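Descriptive analysis of the structure
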Amino acid sequence: ATEMTLNPLRMMLNEILDQLKAKDIASIFAEPVDVKEVPDYLDVIKHPMDFSTMKKKLNDHQYSNFSDFEADFHLIINNCLMYNAKDTIFYKAAQKLREQGGAILRHAQRRVELVG
Ligand SMILES: CCOC(=O)c1ccc2c(c1)NC(=O)[C@@H](C)N2
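Residues numbered from 1 in each chain as written. Predicted model: local features only at pLDDT ≥ 70, side-chain atom pairs only at ≥ 80, totals over all residues. Heavy atoms only, no water.

A few words on unusual backbone geometry. Despite not being glycine, serine 27 has its phi angle at roughly 55 degrees, a positive value. Inspection of the secondary structure assignment puts serine 27 in the loop between α1 (8–23) and α2 (41–44). (Helix = DSSP H or I, 4+ residues; strand = E, 2+ residues; numbered from the N terminus.)

This part covers the site of the ligand. Neighbouring residues of the ligand: Ile28, Phe29, Val33, Glu37, Val38, Cys80, Asn84 and Phe90. A distance of 2.9 Å is found between a nitrogen atom of the ligand and a backbone nitrogen or oxygen belonging to isoleucine 28. Asparagine 84 is positioned with one of its side-chain polar atoms (N or O) 2.9 Å from an oxygen atom of the ligand. Its free accessible area being 420 Å², the ligand has 68% of it covered by the protein chains. Across the shell around the ligand, the residue classes break down as six nonpolar, one polar and one charged. (Near = heavy atom within 4 Å. Polar contact = N/O pair within 3.5 Å; in protein donor to acceptor, adjacent residues only side chain to side chain. Areas by Shrake-Rupley, 256 points an atom, 1.4 Å probe, with all protein chains shown as cover. Nonpolar A, V, L, I, M, F, W, Y, C, P; charged D, E, K, R; others polar.)

Once that is clear, we can look at the pattern of salt bridges. Within the structure shown, the criterion is met by three salt bridges. The partner of glutamate 15 in a salt bridge is arginine 111, with the nearest N and O atoms 3.1 Å apart. Here the residue glutamate 15 occupies a position in helix α1, and arginine 111 occupies one in helix α5 (residues 89–115), the gap between them amounting to 96 residues. For glutamate 15, a relative accessible area of 37% puts it in the partly exposed group. Overall, the relative accessible area of 36% leaves arginine 111 in the partly exposed class. The salt bridge partner of aspartate 34 is lysine 36, with a shortest N-O separation of 3.4 Å. Relative accessible area serves as the criterion here: at 30%, aspartate 34 is assigned to the partly exposed category. What makes lysine 36 exposed here is its relative accessible area of 74%. (Salt bridge = Lys/Arg side-chain N within 4 Å of Asp/Glu carboxyl O. Buried < 20%, exposed > 50% of the residue type's maximum accessible area, 1.4 Å probe, protein only.)

Dropping the structure here:
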């Protein structure tokens, strides 16, 4: 498949992205927030991010290291915590994804270091 590449970092980041996406069971982080549904979203959130955009960046070789990849994951979380009120399903889902994703990224960081 085209997914298999000679670049071990890109292979690993693809695996990690799949693990993170699997935690988003409601798929609320899967695609860009629909501005037709949420008209003021871009007034509040200056740097939208979602998993499909991360996948595109990954395949376009836009992540040259682990921390750039990790920064976009935290952007997804922080945008959601900023835009949504604390008592919303969205806010709570972001807190949960931050915990679950944090564990995945901590384990991955060590593996990426091994790849060198
Ligand atoms: C069909 C209506 O969809 C939404 O209103 C909506 C859909 C997805 C969303 C979102 C809103 N807000 C967010 O902050 C991110 C996490 N995801």
